[in-house]
Protein chains: 2
Amino acid sequence: MPVVGMAGGGQLARMTQQAAIALGVRLRVLAGSPDESAAQVVADVRVGDDRAQADLNAFAKGCDVVTFDHEHVPGDHIRELEDAGVPCRPGAAALAHAQDKLVMRERLSGLGAPCPAYAHVPAAAPLAFLEAFAREHGWPLVLKATRGGYDGKGVWVAEGLDRATAELVGRLVAEGVDLMVEEHVPFRRELAALVARSPYGQGAAYPIVETVQEGGICVEVISPAPGLSADLAAEAQSLALRIADELGVVGLLAVELFETSGGLLVNELAMRPHNSGHWTIEGARTSQFEQHLRAVLDLPLGSTEPTAPYTVMANVLGGDDPDVYPRYIHVMAHDPGVKVHFYGKGVRPGRKIGHVTALGSDLAEVRERARHAAAYLRWGPAMGEGR
Amino acid sequence: MPVVGMAGGGQLARMTQQAAIALGVRLRVLAGSPDESAAQVVADVRVGDDRAQADLNAFAKGCDVVTFDHEHVPGDHIRELEDAGVPCRPGAAALAHAQDKLVMRERLSGLGAPCPAYAHVPAAAPLAFLEAFAREHGWPLVLKATRGGYDGKGVWVAEGLDRATAELVGRLVAEGVDLMVEEHVPFRRELAALVARSPYGQGAAYPIVETVQEGGICVEVISPAPGLSADLAAEAQSLALRIADELGVVGLLAVELFETSGGLLVNELAMRPHNSGHWTIEGARTSQFEQHLRAVLDLPLGSTEPTAPYTVMANVLGGDDPDVYPRYIHVMAHDPGVKVHFYGKGVRPGRKIGHVTALGSDLAEVRERARHAAAYLRWGPAMGEGR
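- Looking at an unreviewed UniProt entry, one finds chain A named N5-carboxyaminoimidazole ribonucleotide synthase, with Actinomadura fibrosa as its source organism.
- The Subunit (unreviewed entry) comment attached to chain A in UniProt states, word for word, "Homodimer."
- Under the UniProt heading Sequence similarities (unreviewed entry), the entry covering chain A gives this text: "Belongs to the PurK/PurT family."

So, in structure tokens, the structure goes:
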């Protein structure tokens, strides 16, 4: 049986282990410590730094394929693995588009994929540049670090050419953060298109979902996106499959989208199992984690057929009380059908520590079930007392 | 988060790990070697002998609850753990009924549960005893070792008072095998009732399934049992829930049943996740593995609602070719909806090395899909060439 190495020991690697167990595939993870989410549940853990070449090289030895739990492994390191003959999926060339937002925008624009207006912000006279950009696209503007952001980190909204913006930009430039600017898109809602692509070239698309964000963090995913027209859903799936193909993605590709009055715009790309696909564990015939393994192993892809009319995933964010387990009793007694997923991570306020999934045919009821479970797990018994 | 210790490193512990990962529960296994099925996929593996008190004691230290992947841990050892304050679920008193077929028959008969006629076979003059038993119940008779059997091992059919029977009985008595005899039940088919019970006393019953055996090994499970009347299904569920309650089972109880023209008869009991429940991974809202964890942790039990009109599980038995993985390509390309489960076990002819699951609304089609996948994984590409 093949050995799949996953660099990174977070919850995506942890949930990939569930799929690897079924397939009989050996999962090896490179984790920063033996306490990390995936390291708790995998037999073959290598502790090391997934941003260090030597650790990556040692980790990759004996792996049939190497893949990633996040985007932070430097492209140069991945290229060195590839040059040494290690199949990396996705490869460095594809992954660059998920690692650098400017590279992604330039490539997608070149492909004619619909994107917000954007520009690279020069480190010299950045405010004058922003003022000129705003003359064309209006305030507010969205500032992004080209590299290193996730979960709303590395993204800022600048309301105008005011003191706050001047201070923010000044600080970021002083810190050496490479910045880009985008128009602030007045979107109706956010959608996500999740597809898989294998080296053979097979593609598979999941139903288009709606993602609900709060404070830059995804709190809820609804599958399928309610009320989305069949045309727009097909357009989003085709767009994601085309991007996967053009960029040579192997594995999963999540395309975060804005739905606007003028159509769809691409927001971000991720090339790995994605928060917007956690619903597939129960809600699709093939979970995104199994699909990712099948894709990177060049196995035929699995059915993406939904298992219920609606599936809703709600993220569980850490609250004030670190002791979540006693709250299982209420959540499970209240709703025997809700599925609880915990990541084995330390509880910090606002940190994603797990998720819950509900499914059924009445969307309002399914959303309420998922929200109740997630909120209760976050806040605990005191939530009803005004906390 | 609690630590659940599971004695035994087989595929049941392996699949329990998938459920433990979701619940955030720590699974520790006591495995005979680091190569065993579950030991390959669990971070916290203790290598030792689960039939040795010292190894069990060391293993149990730090576990919040101890449970079992099989029935072969001696009852005395479990009682010693219980006396030391370790919660064992199921406990020794309940587990005795899954460890000793005579104890089970006596207790179930005492409860008025329908059983085949049975008797303990004395080691002195066993053939005369069998002859007398046969005068009342007719030949053939079923001989069973009271302890230690599984998967058809420890069960023999005696056709008459002939040389074969005399030799078999003589050999078994000489080996010190404690024997019982049962009437040979002319059953229509075999069914299984899977239920869970928590220390709190909550019970949950899965749909009644049909199990198809070949050579004493279960090869196929169909959920729900086709054409079973609602009355008989409810009777089977009630019977299993009552047995779980009367015997004080905590965790899962599988009741293997004969469906006869005169009604249901209990064949065997198992108190753990069971082959007849593997279909629940995809086919029920709560898998039997999650349910077992919830029960032994005294959490509220999960919904047993089916996810499809029909789910069929087919066991994958080892064939002549030990290299199964290359056959994934055909199976997955042929049917993107079939789910493959491999146990990481060495391939030996006839050994259970995995299973496949298909589900849908057309039973004949679903059975054919599961059978095709299992047969192909067993025999490989040459199967169509008359092997």
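### Some remarks on the UniProt feature "binding site: ATP" (unreviewed entry) in chain A
Residues and elements named next belong to chain A.
Working step 1: In the numbering adopted here, UniProt assigns the feature "binding site: ATP" (unreviewed entry) to Lys-101, Lys-144, Glu-182, Glu-183, His-184, Val-185, Glu-190, Asn-267 and Glu-268.
Working step 2: For Glu-182, the position within the fold is in strand S8 (residues 179-183).
Working step 3: Not counting chain neighbours up to four residues away, the residues in contact with Glu-182 comprise Arg-105, Pro-116, Ala-117, Tyr-118, Phe-133, Leu-141, Val-142 and Lys-144.
Working step 4: Here His-184 is to be found in the loop between S8 and strand S9 (189-197).
Working step 5: By relative accessible area, His-184 is classed as partly exposed at 37%.

### Here we look at the pairing of strand S12 (residues 217-223) of chain A
Residues and elements named next belong to chain A.
Working step 1: For S12, the buried fraction is high: seven of the seven residues fall into the buried class.
Working step 2: Two elements, strand S11 (residues 209-214) and S12, share five bridges in a ladder whose sense is antiparallel. Residue pairing for S12: Thr-211 is matched across the bridge by Val-221.
Working step 3: What sits between S11 and S12 in their antiparallel hairpin is a turn of two residues, with Gly-215 showing a positive phi close to 60°.
Working step 4: In this sheet, strand S15 (residues 310-317) lies alongside S12 in antiparallel orientation, the contact comprising four bridges. Note that in S15 the partner of Glu-220 across the bridge is Ala-314.

### A word on the interface of chain B and chain A
Working step 1: Across the contact, 40 residues belong to chain B and 40 residues belong to chain A.
Working step 2: Carbon and sulfur atoms make up 59% of the surface buried where chain B meets chain A, a total of about 3,600 Å² over both sides.
Working step 3: The tally of links from chain B across to chain A stands at two salt bridges.
Working step 4: Where Lys-339 of chain A meets Glu-290 of chain B, a salt bridge forms, and the shortest distance between an N and an O atom there is 3.1 Å.
Working step 5: For the pair chain B and chain A, the interface holds 17 residue pairs in polar contact (both at pLDDT 80 or more).
Working step 6: Counting only elements with at least two residues in the side of chain B that touches chain A, the list comes to helix H1 (11-23), helix H10 (288-296), helix H11 (328-334) and strand S16 (339-342) of chain B.
Working step 7: Per-element tally for the side of chain B that touches chain A: the top contributor is H1 of chain B, with seven residues.
Working step 8: Of the residues that constitute the side of chain B that touches chain A, the class distribution is 24 nonpolar, ten polar and six charged.

The rules behind the values
Residues numbered from 1 in each chain as written. Chains lettered and ligands numbered in written order. Predicted model: local features only at pLDDT ≥ 70, side-chain atom pairs only at ≥ 80, totals over all residues. Heavy atoms only, no water. UniProt positions renumbered as here; feature names shortened; annotations may be inferred. Helix = DSSP H or I, 4+ residues; strand = E, 2+ residues; numbered from the N terminus. Contact = heavy atoms within 4.5 Å. Buried < 20%, exposed > 50% of the residue type's maximum accessible area, 1.4 Å probe, protein only. Pairing = 2+ DSSP bridges. Buried area = accessible area lost by both parts, 1.4 Å probe. Salt bridge = Lys/Arg side-chain N within 4 Å of Asp/Glu carboxyl O. Polar contact = N/O pair within 3.5 Å; in protein donor to acceptor, adjacent residues only side chain to side chain. Nonpolar A, V, L, I, M, F, W, Y, C, P; charged D, E, K, R; others polar.

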